[in-house]
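Residues per chain are reported as follows:
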Amino acid sequence: MVEVLINFLLNWLGRSALYALTAIGFTIIFGVGGVLNLAHGASLTIGAFTTLVGFQRFSGSMGDVPALLLGLVVALVVVAVFNAILYLLFVRGLERVYAKPEQVALLVMIVTVLLALVVEEAVKLRFGEDPQVLEQFVGGTIPGTNVTQNLALGFVVSWVLIAGLFVFINRTKVGKALVAASMSRRGARIVGVDIPRLFLVTWILAGVLAAIAGVFIGSTYSMTYAMGRSPLVISFAIVILGGLGSIRGSVIAAYFIGLLETVTVTFVDPNLLGITSFLVLVLVLVVRPEGLYGRELQVGA
Amino acid sequence: MAEDTNTQFSGPSRRKVIQTLGAGAVATSLAGCGGLFGGGDETELGETLRVGVLAPDAETNPVGASIRGGAKVAVSELDEAGVLDAENVEMVVGNTQGTSSGATEAYEDLVLEEDVHFTVGTFASEAFNGIMDNIVSEQKLHLTSGASSMDMNERLLDDYDANKYMFRVGPFNGELLGQAVVDFAGEYYQDVLGWDSTYLLYEQAAWTGPTAPVVEEQLGDHGFDVVGTQSYSPTTENFGPIYNDIPNDVDGVTTLMAHSGVNATVTWAQGGYPWGFGGINVPAQNAALPDSAAAAFEGVWTLNTAAPGTNITDQTESFTQNFLEQTEGFAPVYTAYLAYDAIKLYAQYAEEVGTINEDDMVEAMASNQLTPATTTTQEFEFYPGDHEEYPHDIQYSMDDWVAGRAAPIFNQWQGGELVTFLPDAHQQAPYQPHQ
């Protein structure tokens, strides 16, 4: 029984950590930029598959873990470029053409969902529909449990990045500018904040976090061209529960959704896995539509 | 969208030489006599026999690519040999996208726009179910080759005349698949696998609807313990919590999994679980699994219809070689064998009946008056049209597969390769117990 509980706890914590990593990027783009990036899952997919390509290319000459790390570095660069293009070409482009933020927000949703489909098709054409599995950073399980050390590493990395993000937002000028811009875009601009550059940083940051989550998902479970869909949907549930734009709320909501899923599968009925998150989503929208923490990062005027 | 694939050969073929000598006239006159079974006045076949091939995403999906590749091999051979008085044999591929609506659209395109004479293929049960109404209305023969859906059986039992144009070349229907798993377990779990206890784990999907109850009901009838049963959502990614419920002292887990097979297997491999893992695991049936995923399948065993390197009949290996040449080394999934069999069976039956008239073909095929055919998977006969359970379905015989005369075979991943360990007649390597 103790073993079952420990396995349950570790599965919950590990899984939730990956959810948090994915959802945070989704929420900061909305909190700061006021748009929903539906290509967020595509960043996760690009990150995982670029790492796979890098690993397969370099593992023969330098060993598995260095090749994996090198692949990851390349993947982060590729995802950063992808998100920079997303922002500069599409979001900025739309902002130049349309004056109303609601129009931009709607069109960004449409454009990003189309781009997500393009990425899926491209990955499908290149890699086919067969699932792939990424090499683990560290093999074996945590002694006395069935939870992999790789998932445990994902948990640690997730918390290091979350902590780093809090430090970045609270202690650095760019971070403070992010908060300022989320409160009032006009006010931030008046005090000299370069809004486009700030938003560019936000999009890149969000993409990088998603890519890292994708790499851990790909090495702990498996990866396909459609691997970005489920995390995107879960991110929706998480950010609505946590409060759109709230990083703290997203982290807590990620662990809550992860807990619900793990409890459902372990103690209720594994067949209900797909339902619980959406039930929560509906309940929150009805009972507390602003989520747990409302919007810490307010969209600027 | 349909994709035209005309398999023409350069140089004079045997068929064309014969045709020049007037054999076509002979064939026509024979056909004019109504053929062996009488009904039609003529073959209703022009210069070209057109085969409609229903496959999911043949460009990217190994199952779909295998259906297309298997069909290509069959069409190439028939184009060389001729079918009745048809000068050419061509195939057109329709993309089912693995969905009901996609299959319906593809089927309508093949039959109404491309004027195919009959159709083969489909894989997902949802896709096959999706075209059944269309088959009824178009009254074109469909030899299904990939889906285990039992809707076909139910419809035939319910209204035979309306649904009589459907036949299944393989795999076994859902209930018979379950029966095969149970028969295998009774025959080999203790003696070959060393399993004195097992735990049943299956995904809750359309295809396991008829299969899981058979396994659940009968698995415990063979002298070993069934310590638990668990179904789960096919969208499950994290199997850790599910595996928490499986006792560590169980010898092996009996699986029925398709969509979820890779994640379930990866979690099993990475988690260092002490129990063995096998049953029906659809990704494990794919000899061309990417290397990155194949590593996780080491030791996993699965029921399969056919696989490269195994000679179930004298046609299996030659087909595999022809397929590999055609696809430049892409290893076929079982749907390749079945698509090939379906087209070759149709041609053989048409020759014997003497017409492609659908009603005459159905009457002959459903009455077992035709010479039993040898396919890549067995000495082939359909259950007759008046069979009380499985009309028009591929026949299953445990005695035949134990003796190595028929599918299924049982494969295990060993050293990154998919090898056959049972039946003994086709063994490439003995079963390796899970360490």
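Residue indices begin from 1 for each chain and proceed along its sequence in written order. Lettering of chains starts at A and numbering of ligands starts at 1, both following the order in which they are written. Per-residue local features of the predicted model are confined to residues with pLDDT of at least 70, and side-chain atom pairs are confined, for both listing and counting, to 80 or more; whole-chain, interface and lining totals are unaffected and use all residues. To obtain the side-chain values, all non-hydrogen atoms of the structure were used and water was disregarded.

**Q** Which residues make up the overall build of chain A, and what values go with them?
**A** Counting from the N terminus, the helices are the DSSP runs of H or I reaching at least four residues and the strands are the DSSP runs of E reaching at least two. Per the secondary structure count, chain A includes 11 helices and zero strands. Sequence-ordered secondary structure for chain A, helices as α and strands as β, is α-α-α-α-α-α-α-α-α-α-α. Every radius of gyration here is taken over C-alpha atoms, with the globule rule written as 2.2 Å times N^0.38, N being the number of residues. Radius of gyration (C-alpha) of chain A: 19 Å, near the 19 Å computed for a compact globule of 301 residues. Considered along the principal axes of its C-alpha atoms, chain A spans approximately 55 × 50 × 35 Å. With a 1.4 Å probe rolled over the protein chains alone, any residue whose accessible area is under 20% of its type maximum counts as buried; one over 50% counts as exposed, and the rest are partly exposed. Looking at chain A as a whole, 55% of its 301 residues qualify as buried. Should any heavy atoms of two residues lie within 4.5 Å, those residues are considered in contact. Look at the contacts in chain A between residues 6 or more apart in sequence, and 77% of them connect residues 24 or more apart. His is not counted, nor are the chain ends; Lys and Arg add positive charge and Asp and Glu add negative charge. Charge positions come from single atoms, namely NZ of Lys, CZ of Arg, CG of Asp or CD of Glu. One way to put it: in chain A the 18 positive side-chain charges average out to a point 16 Å from where the 14 negative ones average out.

**Q** Could you give an account of the pairing of strand β7 (residues 197-203) of chain B, naming the residues involved and the relevant values?
**A** Residue and element names in this part refer to chain B. β7 sits mainly inside the fold: seven of its seven residues count as buried. Residue alternation in β7 divides its side chains into two sets, S197, Y199, L201 and E203 and T198, L200 and Y202, and both sets are buried. Only strands joined by at least two bridges in the DSSP assignment are considered to pair. Summarising the sheet, β7 and strand β8 (residues 225-232) pair through seven bridges and their orientation is parallel. Counted as the bridge partner of T198 is V226 from β8. In terms of handedness, the path from β7 via helix α9 (residues 208-218) over to β8 forms a crossover that is right-handed. Note: β7 against strand β9 (residues 252-257), five bridges, orientation parallel. Residue pairing across strands places L201 opposite T255, the latter belonging to β9. Look down the strands so they point away from you; if the path from the first strand over the helix to the second goes clockwise, the crossover is right-handed.

**Q** Residue-level account of the pattern of salt bridges, with values.
**A** Pairs can form between side chains of opposite charge whenever their charged atoms are close. All names here are of chain A. By definition here, a salt bridge exists when the distance from a side-chain nitrogen of Lys or Arg to a carboxyl oxygen of Asp or Glu is within 4 Å. Summed over all chains, the structure comprises 15 salt bridges over all chains. Between E95 and R92 there is a salt bridge; the shortest N-O distance is 3.6 Å. With E95 and R92 both in helix α3 (residues 64-97) and three residues apart, the pair spans about one turn of that helix. Two residues, R197 and D194, come together in a salt bridge whose shortest N-O distance is 3.8 Å. Its relative accessible area of 58% is what places R197 among the exposed residues. Of the residues examined, D194 reaches a relative accessible area of 40% and is grouped as partly exposed. Taken together, the salt bridges that share partners define one network made up of R92, E95 and R185.

**Q** Could you give an account of the interface of chain A and chain B, naming the residues involved and the relevant values?
**A** Counting from both sides, the interface comprises 31 residues of chain A and, opposite them, 31 residues of chain B. Once two parts are brought into contact, the accessible area they lose, counted with a 1.4 Å probe and summed over both, makes up the buried area. Together, the buried faces of chain A and chain B total about 2,600 Å²; carbon and sulfur atoms form 48% of this surface. The tally of links from chain A across to chain B stands at one salt bridge. Close ionic contact of R15(A) with E237(B) constitutes a salt bridge, the shortest N to O distance being 2.8 Å. Contacts described as polar in this section are N or O atom pairs within 3.5 Å, which, within protein, must combine one atom able to donate a hydrogen with one able to accept it, while residues neighboring in sequence count only if both atoms come from side chains. In this assembly, chain A and chain B are joined by 12 residue pairs in polar contact (both at pLDDT 80 or more). Looking at the side of chain A that touches chain B, the elements that each hand over two or more residues are α1 (2-33), α4 (101-127), α8 (195-220) and α10 (247-268) of chain A. Ranked by residues supplied to the side of chain A that touches chain B, first place goes to α1(A) with six residues. Under the scheme applied here, ten amino acids are nonpolar (Ala, Val, Leu, Ile, Met, Phe, Trp, Tyr, Cys and Pro), four are charged (Asp, Glu, Lys and Arg), and all others, including Gly, are polar. For the side of chain A that touches chain B, a count of residues per class yields 11 nonpolar, 14 polar and six charged.

Just geometry here; none of it tells us what the structure is for.
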